[in-house]
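# Observations on the three-dimensional arrangement
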Amino acid sequence: MAKTAELIIDGKSYKFPIVEGTEGEQGIDISNLLEETGAVTLDFGYKNTGATKSAITFLDGDKGILRYRGYSIEDLAAKSTFLEVSYLLIFGELPTADQLTKFSDDIKNHTMVHEDIKKILDGFPSSSHPMGVLASLFCAQTAFYPESLDPNRSSEGVYLSIVRSLAKMPTFASWAYKNEVGHPVNYPDNSLDYCSRFLKMMFALPAEKYEVDPVVAAALDKLLILHADHEQNCSTSTVRIVGSSKASIYSSISAGINALWGPLHGGANQEVILMLEQIKKDGGDTDKWIAKAKDKNDPFRLMGFGHRVYKNFDPRAKIIKKAADDVLEKLGVNDPTLEIAMKLEEIALKDPYFIERKLYPNVDFYSGIIYRALGIPVDMFTVMFAIGRLPGWIAQWKELRENKEPIGRPRQIYTGQNLRPYVALNKR
Ligand code: CMC
């Protein structure tokens with residue numbers, strides 16, 4: 001028999017169907033709640049609200065499980081590549097060799113950006129944070145490809161936008177960095193793979209020969225896989241809600257880039273390094289900083305700790321911690337902030353404050369340390385997260401479109417003034 005949930009309001013009972021996901025999660029379908037009861041739900045931060053049905057990513061916060069299209073993150077991080085994972089997320093299945101070659105070639109064909117994009121870039125002062133520049137350049141594609149604005153365009157048209165998005169993202173990202181340091185931009189070298197191409201655009205200088213270190217490219221590829229999707233988080237929900245108005249893929253993803261920027265979301269990786277630096281400068285007294293994080297009157301939080309969904313461990317953090325050790329060893333980097341990070345982790349994992357609140361290191365606790373070892377500057381960290389998250393945003397935008405989901409429009413409980421007569425206060 002189909003399961004239902006019963007809700008009693010003022011003694012009157014209402015029944016709602018329970019929907020079950022393929023992994024057994026249950027959701028109470030309240031689509032008719034307002035119509036039937038006149039009431040809405042109130043759920044700050046959507047902590048208990050399922051906004052959609054999705055077949056892309058499964059995560060179980062208690063068990064520390066993360067899977068893309070049914071494949072475990074551990075398997076994918078160990079055996080796959082970022083482009084293969086992108087294909088999997090976007091199209092639902094792993095590509096055959098031919099499909100992957102075509103996808104990769106299609107992306108290579110679109111890595112150049114319109115030369116006029118440089119004029120837009122030139123308008124940004126070098127003080128611009130690269131995330132703001134990236135979001136702007138990404139959205140500017142709507143101007144260069146106006147056909148992308150058509151909400152009813154063909155699947156070939158959508159494919160072209162998907163390929164352009166993935167192709168141009170590393171170019172935009174490296175240009176955002178070049179703008180910041182005031183160097184001339186580099187053009188994509190299509191003889192290289194996705195990550196190596198990005199690294200060359202980031203670091204090559206006009207008068208010097210630049211060889212991409214394969215250790216660095218491989219580590220970056222793994223990091224991007226770990227960040228590729230994370231179901232209905234803040235930026236992805238933003239992409240879906242903007243996309244639900246039938247806004248173009250470029251504007252929807254640009255909105256996602258902006259949502260990712262905040263320090264409680266993708267901006268945390270930058271904040272982790274700044275925090276570790278601050279602690280080091282302050283003498284490295286980790287106990288003092290743990291006490292600050294626990295003090296309710298102190299706004300300081302232990303950045304890189306805690307997660308809305310993972311309440312036992314973040315599987316990505318486990319993989320990334322191991323990758324950080326490997327990369328630091330292979331590159332011969334001795335980073336004193338890593339020692340501080342280890343100490344913080346050790347203390348926090350034993351401290352009742354963190355244990356009771358189920359606060360564990362998240363993906364960003366270690367990603368910053370790797371990025372730094374790879375030579376990525378701190379305010380590019382969130383840009384790296386955006387490059388990684390792009391296939392997830394694309395897959396979610398595509399799914400929303402294919403499922404013909406309605407426009408996102410939450411309700412509210414109004415707490416303002418009741419009707420009052422207008423009497424001007426500015427008359428003498
Ligand atoms: N340091 C100290 N206390 C914390 C922390 C922290 N990092 N995170 C949560 N708490 C406390 C918080 O003060 C609250 O305590 P109390 O119950 O006494 O009021 C309790 O733990 C629950 O916190 P919350 O803010 O209600 O939890 P949330 O699920 O709304 O927030 C979070 C999740 C990730 C925003 C939060 O843990 C946080 O701010 N962490 C630091 C920022 C960070 O690392 N963000 C990256 C997240 S992973 C990357 C991504 O997917 O975006």
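Residues numbered from 1 in each chain as written. Predicted model: local features only at pLDDT ≥ 70, side-chain atom pairs only at ≥ 80, totals over all residues. Heavy atoms only, no water.

On to the packing of helix α15 (residues 336-350) against helix α17 (residues 363-373), then. Across the interface, α15 lies against α17 with an axial gap of 11 Å and an inter-helix angle of 170 degrees. As summarised for this structure, α15 and α17 are arranged roughly antiparallel, according to the angle between their axes. Facing α15, whose interface residues are Thr337, Leu338, Ala341, Met342, Leu344 and Glu345, α17 presents Phe365, Tyr366, Ile369 and Arg372. Taken together, the residues of the contact of α15 with α17 break down into seven nonpolar, one polar and two charged. (Axes fitted to C-alpha atoms, helices over the stretch in contact; angles between N-to-C directions. Helix = DSSP H or I, 4+ residues; strand = E, 2+ residues; numbered from the N terminus. Parallel < 35°, antiparallel > 145°, perpendicular 65-115°, else oblique. Contact = heavy atoms within 4.5 Å. Nonpolar A, V, L, I, M, F, W, Y, C, P; charged D, E, K, R; others polar.)

Our focus in this paragraph is the side chain of glutamate 345. Here glutamate 345 lies in helix α15. Side chain to side chain, glutamate 345 and lysine 321 meet in a polar contact 3.5 Å long. Excluding anything up to four places from it in sequence, glutamate 345 contacts Phe305, Lys321, Pro361, Phe365 and Tyr366. (Polar contact = N/O pair within 3.5 Å; in protein donor to acceptor, adjacent residues only side chain to side chain.)

Taking 1.5 Å per residue as the helical rise, helix α14 (residues 315-331) with its 17 residues ought to reach 24 Å, and the 24 Å between its terminal C-alpha atoms agrees with that figure. All of the buried residues along α14 are Pro315, Arg316, Ala317, Ile319, Ile320, Ala323, Ala324, Val327 and Leu328. Where α14 is buried, its residues contact β5 (65-68), α2 (73-79), α9 (214-227), α15, α17 and α18 (381-402). Downstream of α14 by a residue or two, glycine 332 has a phi angle that is positive, lying close to 65 degrees. (Expected span 1.5 Å × (residues − 1). Buried < 20%, exposed > 50% of the residue type's maximum accessible area, 1.4 Å probe, protein only.)

So, about the packing of aromatic side chains. Under the definition given, this model contains 17 aromatic pairs. Ring geometry for tyrosine 145 versus tyrosine 250: centroids 6.2 Å apart, planes at 45 degrees, classification tilted. Within this pair, whereas tyrosine 145 is found in the loop between α6 (130-144) and α7 (155-181), its partner tyrosine 250 is found in helix α11 (residues 249-260), the two being separated by 105 residues in sequence. When its relative accessible area of 14% is taken as the criterion, tyrosine 145 is described as buried. Where phenylalanine 305 meets phenylalanine 354, the ring centres are 5.8 Å apart and the plane angle is 70 degrees; that geometry is what we call edge-to-face. (Phe/Tyr/Trp six-rings, centres within 6.5 Å; stacked < 30°, edge-to-face > 60°.)

What follows concerns α9. Taking 1.5 Å as the rise per residue, α9 with 14 residues should run 20 Å; its terminal C-alpha atoms sit 20 Å apart, in good agreement. Counting buried residues in α9 gives ten out of 14 residues, a clear majority hidden from the surface. Taken together, the buried positions of α9 are Val216, Ala217, Ala219, Leu220, Asp221, Leu223, Leu224, Ile225, Leu226 and His227. The backbone nitrogen of valine 215 has a side-chain oxygen 2.9 Å away, supplied by the residue at the start of α9, namely aspartate 213.

A few words on the nonpolar core. Counting residues in hydrophobic clusters, the biggest one holds 107 residues, and the most contacted among them are Phe198 and Leu302. Looking at this core, you find at least three residues from each of domain 2 (71-266 + 388-402) and domain 3 (268-374). In this structure phenylalanine 198 touches Pro170, Ala173, Ser174, Leu220, Ile376, Met380, Met384 and Ile387, once residues within four positions along its chain are discounted. (Core = buried A, V, L, I, M, F, W, Y, C linked by side-chain atoms within 4.5 Å. Domains from an automatic or database assignment.)

Attention shifts here to a positive patch on the surface. Taken together, Lys47, Lys296, Arg301, Arg308 and Arg357 make up a surface patch of like positive charges. Summarising the element assignment, lysine 296 is placed in the loop between α13 (286-294) and α14. (Patch = residues over 30% accessible without salt bridge, like charges linked within 9 Å, V, L, I, M, F, W, Y side chains within 5 Å. Areas by Shrake-Rupley, 256 points an atom, 1.4 Å probe, with all protein chains shown as cover. Salt bridge = Lys/Arg side-chain N within 4 Å of Asp/Glu carboxyl O. Lys, Arg positive; Asp, Glu negative; His and termini not counted. Charge placed at Lys NZ, Arg CZ, Asp CG, Glu CD.)

What follows covers the pattern of salt bridges. With the rule as written, the count across this model stands at 23 salt bridges. Between glutamate 115 and lysine 118 there is a salt bridge, with the nearest N and O atoms lying 3.1 Å from each other. Residue classification places glutamate 115 among the partly exposed residues on the basis of a relative accessible area of 41%. A residue is classified by how much of its surface remains accessible, and lysine 118, at 26% relative accessible area, is partly exposed. Within this structure, Glu277, Lys280, Asp335 and Arg372 form a network of salt bridges that share partners.

For the protein, the assigned domains are domain 1 (4-50), domain 2 (71-266 + 388-402) and domain 3 (268-374). Taking the mean C-alpha position of each, domain 1 and domain 2 sit 37 Å from one another.

The next thing to look at is the side chain of serine 86. Locating serine 86 in the fold gives a position in helix α3 (residues 82-91). Not counting residues within four places of it along the chain, the set of residues in contact with serine 86 comprises Phe103, Leu166 and Pro391.

This part takes up the sheet that holds strand β1 (residues 4-9). Overall, antiparallel pairing links the three strands, which are arranged β1-β2-β3 in an open sheet. Of all strands in the sheet, those bounded by a partner on one side alone are β1 and β3 (26-28). Across the sheet, the axes of successive neighbouring strands diverge by a mean angle of 30 degrees, strand direction being ignored. Bridge count for β1 against strand β2 (residues 12-20) is six bridges, and the pairing is antiparallel. Pairing of leucine 7 across the sheet is with tyrosine 14, part of β2. (Pairing = 2+ DSSP bridges.)

This part covers the site of the ligand. Near the ligand you find 20 residues, and of these His265, Arg301, Leu302, Gly304 and Tyr353 are the closest. A distance of 2.7 Å is found between an oxygen atom of the ligand and a side-chain nitrogen or oxygen belonging to arginine 301. At 2.9 Å from a nitrogen atom of the ligand is found a main-chain nitrogen or oxygen belonging to phenylalanine 305. A total of 940 Å² of accessible area belongs to the ligand in isolation, and the protein chains cover 79% of it. Within the shell around the ligand, the residues separate by chemical class into eight nonpolar, six polar and six charged. Both domain 2 (71-266 + 388-402) and domain 3 (268-374) contribute no fewer than three residues apiece to the shell around the ligand. (Near = heavy atom within 4 Å.)

Another point: unusual backbone geometry. Outside of glycine, negative phi angles account for most residues, and trans bonds account for most peptide bonds. Here the phi dihedral of aspartate 10 falls at roughly 50 degrees; this positive angle occurs in a residue that is not glycine. Within the secondary structure, aspartate 10 is located in the loop between β1 and β2. For aspartate 10, a relative accessible area of 80% puts it in the exposed group. Phi is positive for lysine 358, which is not a glycine, with a value near 55 degrees. Residue class for lysine 358 comes out partly exposed when judged on its relative accessible area of 37%.

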